[in-house]
Amino acid sequence: MTAADFNDRMLSLGLARVSEAAALACADLIGRGDEKAADQAAVNAMREQLNMLDIKGVVVIGEGERDEAPMLYIGEEVGTGEGPGVDIALDPLEGTTLTAKAMPNALTVIAMAPRGTLLHAPDVYMDKLAIGPGYDKDVVSLDMSPRERVEALAAAKGCKPSEITVCILERPRHQEMIDDVRATGASIYMISDGDVAGVMHCAEPEMTGIDMYMGAGGAPEGVLAASALKCMGGQMWGRLLFRNDDEKGRAAKAGITDLDRVYSRDEMVTSDVILAATGVTNGSVVSGIKRRPGYVETETVLMRSKTGSLRRMIYRNPIR
């Protein structure tokens, strides 16, 4: 199968059902304090729905290696085995801690692209930088200091650095970055988890108020975030970070030889991609699950990079 066989229009609604099912499966576990149970419920539902799709799918961004099953592991084959060959990148529950604590911005997210077009990112950290649409190419870069990034983006936006808002994952490793950003006068939107949503915030600054995302987080989530930005618009860069030889070995296993390479958005996602994300808890990207008399309601955002289209869908699922 070639990219020409990838009928993203027909596959996209099926993908929305996958993310919806995963969200609904963990609805009863919101605020219950059990991260593992919520994650497993989402995984089981996502796998079941994926296996109904007429695709020859391979999970290239998943939850760990094969020996960590029953997660949707890297290399797992999904779908009916009929139809186009596709790469699947997924996070059955982006924000397990957010779900367990009923905190904002937990969502289920899944992306699909023609076979061989998504970066096979190993389960290591990635240094990430993202901005929204409408800027010249490479107006900021990973080689700049955090201060330089803020000042460059402010100049490109035609505003003061103090009018820039940066989203950063709240971690001790980011303290120096946080201090450097705040020294410019810029404000920081701090998140406790869920950096896929954090990057997506940049694509809709008029709604979220966020201009830029920066910081180190999971590399698999970086590919998902790049998929979203390819659909929504915006620029992103990522560089893999390695803490030991074991992590370098994971990169080698994934076929990565240049350990210092900076990947642009279109190098992480080299072809058309579709992405679906469903809210679990309320967030800036999508609304969370709502219980109504007789039914449960979800909101899903469905995107296609080929057309740049973004569809928001409300799904009412009757309680039986």
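For every chain, the first residue of the written sequence is number 1, and numbering continues from 1 onward in sequence order. Local features in this predicted model are restricted to residues whose pLDDT is 70 or higher, and side-chain atom pairs enter the listing and the counts only when it is 80 or higher, whereas totals over whole chains, interfaces and linings include all residues. Hydrogens and water are ignored here; the side-chain numbers use all heavy atoms of the structure.

Moving on, we get to the UniProt feature "binding site: Mn(2+) 1" (unreviewed entry) in the protein chain. UniProt positions are given in the numbering used here, feature names are shortened, and annotations may be inferred rather than shown by experiment. Here, the residues flagged by UniProt with the feature "binding site: Mn(2+) 1" (unreviewed entry) are D39 and E63. In summary, the annotated positions, though distributed over 25 residues, converge in three dimensions, the widest C-alpha pair being only 10.2 Å. From this annotated list, the subset lining the largest pocket comprises D39 and E63. Summarising the element assignment, D39 is placed in helix α2 (residues 35–50). Only protein chains enter the area calculation, which uses a 1.4 Å probe; residues under 20% of their type maximum are buried, those over 50% are exposed, and those in between are partly exposed. Using a relative accessible area of 9% as the deciding quantity, one classes D39 as buried. Every residue pair with non-hydrogen atoms within 4.5 Å of one another is taken to be in contact. Residues contacting D39, with those up to four places away along its chain left out, are E63, M71, L93 and T96. Here a helix means four or more residues in a row that DSSP labels H or I, a strand means two or more in a row labelled E, and each is numbered from the N terminus. Structurally, E63 can be placed in the loop between β1 (56–61) and β2 (77–78). A cavity here means a set of 1 Å grid points, computed over protein atoms only, where a 1.4 Å probe fits but cannot escape. A pocket is an open set with protein on both sides within 12 Å along at least 5 of 7 lines, and lining residues have an atom within 4 Å of a point.

Turning our attention to the domain arrangement of the protein chain. Where each domain begins and ends follows an automated or database-derived domain assignment. If you check the domain split of the protein chain, you get domain 1 (8–118 + 273–318) and domain 2 (125–268). Placing a centre on the C-alpha atoms of domain 1 and another on those of domain 2 gives a separation of 23 Å. Any Lys or Arg side-chain nitrogen found within 4 Å of a carboxyl oxygen on Asp or Glu counts as a salt bridge. Counting the contacts that link domain 1 with domain 2 gives one salt bridge. Between R312 and E204 there is a salt bridge; the shortest N-O distance is 3.6 Å. In the analysis that follows, any N or O atom pair within 3.5 Å is treated as a polar contact, provided that within protein one partner can donate a hydrogen and the other can accept it, and provided that, for residues neighboring in sequence, both atoms belong to side chains. At the boundary of domain 1 and domain 2, one finds two residue pairs in polar contact (both at pLDDT 80 or more). When contributions to the side of domain 1 that touches domain 2 are tallied by element, the ones reaching two or more residues are β3 (85–94), α3 (96–100), β4 (107–114), β13 (295–304) and β14 (309–318). Under the scheme applied here, ten amino acids are nonpolar (Ala, Val, Leu, Ile, Met, Phe, Trp, Tyr, Cys and Pro), four are charged (Asp, Glu, Lys and Arg), and all others, including Gly, are polar. Here the side of domain 1 that touches domain 2 is composed, by residue class, of 15 nonpolar, six polar and five charged.

We now examine the pattern of salt bridges. With the rule as written, the count across this model stands at 19 salt bridges. Of the charged contacts, one joins R239 and D143 as a salt bridge, the two residues approaching to 3.0 Å between their closest N and O atoms. Separated by 96 residues along the polypeptide, R239 in strand β9 (residues 235–241) and D143 in the loop between β5 (125–131) and α4 (146–157) bring together distant segments of the chain. Classification of R239 as buried rests on a relative accessible area of 18%. With a closest N to O distance of 2.6 Å, R243 and E247 form a salt bridge. What emerges from the salt-bridge pattern is a single network uniting R147, E151 and D180.

The UniProt record annotates "binding site: substrate" (unreviewed entry) at E94, G95, T96, Y125, R171, P172, R173, D193, G194, D195 and G218. Residues from the named set that contribute to the lining of the largest pocket are E94, G95, T96, Y125, R171, R173, D193, G194, D195 and G218. Take P172: it is sitting in the loop between β6 (165–169) and α5 (175–182). Relative to the helices and strands, R173 resides in the loop between β6 and α5. Within the local environment of R173, its side chain forms a polar contact with the side chain of Y125, the two groups lying 3.5 Å apart.

The next point concerns unusual backbone geometry. Residues other than glycine seldom take positive phi values, yet A102 does so here, at roughly 55°. The residue A102 is located in the loop between α3 and β4 in this model. Located in the positive-phi region is N105, a residue other than glycine, with phi close to 75°. The exposure class assigned to N105 is buried, which follows from its relative accessible area of 8%.

Turning next to the sheet that holds β6. Spatial strand order, β7-β6-β8-β5-β9-β10: six strands in an open sheet with mixed pairing. One side of each edge strand has no neighbouring strand; the edge strands of this open sheet are β7 (187–191) and β10 (262–264). Within this sheet the neighbouring strands show an average axis-to-axis angle of 20°, counted without direction. Only strands that DSSP links by at least two bridges are regarded as paired with each other. Throughout, an axis means a line fitted to C-alpha atoms (over the contacting stretch in the case of helices), and angles, computed between N-to-C directions, take values from 0 to 180 degrees.

The subject of this paragraph is the packing of helix α1 (residues 8–25) against α2. Two elements in contact, α1 and α2, have axes separated by 7 Å at closest approach and are oriented at 150°. By the angle between their directions, the pair α1 and α2 is classed as roughly antiparallel. Between α1 and α2 the crossing geometry is right-handed. Across the interface between the two elements, R17, V18, S19, A21, A22 and A25 of α1 pack against A41, A42, A45, M46, Q49 and L50 of α2. Looking at side-chain class alone, the contact of α1 with α2 contains nine nonpolar, two polar and one charged residues. To sort the angles, those under 35 degrees are grouped as roughly parallel, those over 145 as roughly antiparallel, those from 65 to 115 as roughly perpendicular, and the leftovers as oblique. Should the near helix be turned anticlockwise from the far one by less than a right angle, the crossing is termed left-handed; should it be turned clockwise, right-handed.

Looking now at the packing of helix α6 (residues 195–203) against helix α8 (residues 219–232). It is at 9 Å that the axes of α6 and α8 come closest, and there the two elements cross at 20°. With respect to α8, the element α6 is oriented roughly parallel. The chirality of how α6 crosses α8 is right-handed. For the pair α6 and α8, the contacting residues are D195, V196, V199, M200 and A203 in the first and E221, L224, A225, A228, L229 and M232 in the second. Looking at the contact of α6 with α8 residue by residue, the class counts come to nine nonpolar, no polar and two charged.

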